[in-house]
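# Structural overview
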Amino acid sequence: MTVEEIKAKARTEVGPYCKVCPVCNGLACGNTLPGPGSKAPGNTANRNYSKWQEIMVNMDTLVKNSSIDTTFRFLGRDFSLPVFVAPLGGVKLHYGDKYDDQHYNRIMIPAAINFGVLGMVGDGMDRDVMEDAARCMAEHGGLGIPAIKPWNREFVFEKIDYLNERNIFAVAMDVDGAGLPFLKKYNPNAGPKSVEEMKEIIRHAKMPFMIKGIMTPAGAEKAVEAGAAAIVVSNHGGRVQGACPSTAEVLPSIVKAVKGKVTIFVDGGIRSGTDVFKALALGADAVLIGRPILPMIYAAGEEGFRTYMSQIAEQLKDTMTMCGARKLSDITESMIFKP
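Every chain is numbered on its own, with residues counted from 1 as its sequence reads. Selection of residues for local features in this predicted model requires a pLDDT of at least 70, selection of side-chain atom pairs for listing and counting requires 80 or more, and totals for whole chains, interfaces and linings are taken over all residues. Side-chain numbers come from the whole structure's heavy atoms, not from hydrogens or water.

Before going further, it helps to spend a moment on the overall build of the protein chain. A count of helices and strands for the protein chain gives 12 helices and 12 strands. On C-alpha atoms alone, the protein chain measures out to a radius of gyration of 19 Å, which is about the 20 Å that the 2.2 N^0.38 rule sets for 339 residues. In terms of overall dimensions, the protein chain has a C-alpha envelope of 60 × 45 × 40 Å along the principal axes. When the 339 residues of the protein chain are sorted by exposure, 58% land in the buried category. Contacts: residue pairs with any heavy atoms within 4.5 Å of one another. The long-range share in the protein chain, meaning contacts at least 24 apart out of those at least 6 apart in sequence, stands at 71%. Accessible surface, the protein chain: about 13,600 Å² in total, of which carbon and sulfur atoms supply 52%. For helices the rule is a DSSP run of H or I covering at least 4 residues; for strands it is a run of E covering at least 2, with both sets numbered from the N terminus onward. In this setup the radius of gyration rests on C-alpha atoms only. A globule is expected at 2.2 Å times the number of residues raised to 0.38. Remark: exposure states derive from per-residue accessible area (1.4 Å probe, protein chains only) relative to the maximum for the residue type, with buried under 20%, exposed over 50%, and partly exposed in between. For accessible areas, the Shrake-Rupley method is used with a probe of radius 1.4 Å. Any residue's cover is judged against the shown protein chains and nothing else.

Before going further, it helps to examine the sheet that holds strand β6 (residues 145-148). A pair of strands is treated as paired once DSSP finds two or more bridges between them. The strand order across the open sheet built from eight strands is β4-β11-β10-β9-β8-β7-β6-β5, with neighbouring strands paired in parallel fashion. On the outer flanks of this sheet lie β4 (83-85) and β5 (120-121), each paired with one strand and no other. The pairing of β4 with strand β11 (residues 286-289) spans three bridges and is parallel. Across the sheet, residue V83 finds its bridge partner in β11, namely V287. Note on geometry: axes are lines fitted to C-alpha atoms, helical ones only across the stretch in contact, with angles between N-to-C directions running from 0 to 180 degrees. Each of β7 (171-174) and β8 (209-214) touches helix α8 (residues 195-204); the most contacted strand, β8, lies at about 145° to it. The sheet contacts of helix α9 (residues 217-226) involve β8 and β9 (230-233), and relative to β8 the element is tilted by about 165°.

Bringing the packing of α9 against helix α10 (residues 247-258) into the picture now. Look at α9 against α10: their axes get within 8 Å of each other, and the N-to-C directions meet at 35°. Classified by chirality, the crossing of α10 by α9 is right-handed. Here P217, A220, E221 and V224 of α9 lie close against α10, whose contacting residues are S253, I254, A257 and V258. In the scheme used here, Gly and all other residues not listed as nonpolar or charged are polar, with Ala, Val, Leu, Ile, Met, Phe, Trp, Tyr, Cys and Pro taken as nonpolar and Asp, Glu, Lys and Arg as charged. Its residues assigned to classes, the contact of α9 with α10 comprises six nonpolar, one polar and one charged. What makes a crossing left-handed is the near helix being turned counterclockwise from the far one by less than a right angle; a clockwise turn instead makes it right-handed.

So, about the layout of surface pockets. Cavities and pockets were defined on a 1 Å grid built from protein atoms only: a cavity is a group of points that admits a 1.4 Å probe but offers it no way out, a pocket is an open group of points flanked by protein on both sides within 12 Å along at least five of seven lines, and a lining residue is one with an atom within 4 Å of any such point. Grid points are joined across faces, edges and corners, and a volume is the space filled by probe spheres set on the points. Here the largest pocket defines a volume of roughly 940 Å³. Listing elements by their share of the lining of the largest pocket, those giving two or more residues are α2 (44-54), α3 (91-95), α4 (101-115), α7 (181-184) and β11. Its volume calculated, the second largest pocket comes out at about 520 Å³. If you go around the second largest pocket, you meet 22 residues; those closest to its centre are V175, D176, G213, I214 and G219. Looking at the lining of the second largest pocket, the elements with two or more residues in it are α8, β8 and α9.

Helix α5 (residues 127-139) packs onto α4 with a crossing angle of 25° between their chain directions and a minimal axis gap of 9 Å. Relative to α5, the element α4 lies roughly parallel. The crossing of α4 and α5 is right-handed. Two secondary-structure elements touch here, α4 through D101, Q102, N105, R106, I109 and P110 and α5 through D128, V129, D132, A133, R135, C136, M137 and E139. Residues belonging to the contact of α4 with α5 are distributed by class as follows: six nonpolar, two polar and six charged. Here the word oblique covers every angle except those under 35 degrees (roughly parallel), over 145 (roughly antiparallel) and from 65 to 115 (roughly perpendicular).

This is the structure we're talking about:
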């Protein structure tokens, strides 16, 4: 099946909030919660997408012809692409009844590993969501990255203990999850975390730690100070705060502040291998893609995942070929054009 054929099938499998649009650009679902839409005024998810489209690539084929290598090295391990799966939670609520989080994760985690990348998984009020994902990762050599919400200290430590016992590859905290309604209603001390609190959390983890939800150079510098191995430039797809800039807009200043000190991921509106190329040209080391992957899995399971990721890989390779890059480290800002 092709990507378009799988999308057509997905329109009968997903709903009612996600429309499986021809392009996942946040327009049809804007300000639609529950569902994948962004928080009022509902324009941040679309801004994420549209700002990548404003960046063009500079072709240069007067270079030595050789094979294209998309290998991404992260935390001492090689991956086939600089593209990991972004964490998604509440899939039954937001995308339809076919799967709950556990079933979705049980398909996505091994599908990502088999493709040579990693899947991040979401967290929520049901503690079994993260625990079952961790068990699945443990069955596959610990490969995967659970993203813990910024709960109170005791609950965060309890979750990290569970992951430590299973030798999980890495753990993340999506600190911008502090804006989610269920976090606001949780026990005292759930929500924003100080640098000192993050240092304590990161020390408690026996695995590398990623901080997701960075949108300013100051935030990136604080993540480095706290001891993060990686950051994710992310506005949570616009779901936690309206009127935010796009990740493409803030990425260059964050790169300038912390490049070389920490691995930099970026997410939000990245929908093609060419978008991946643009993100790397702006200084990111890798990207996360989430929303477009879910309908592919709903419609066709691992085949849907593999078909979509293969398209991303081919688009990235094609763009690298046409812009004169043979490996990821060859991609520079000179290869993009910003009007």
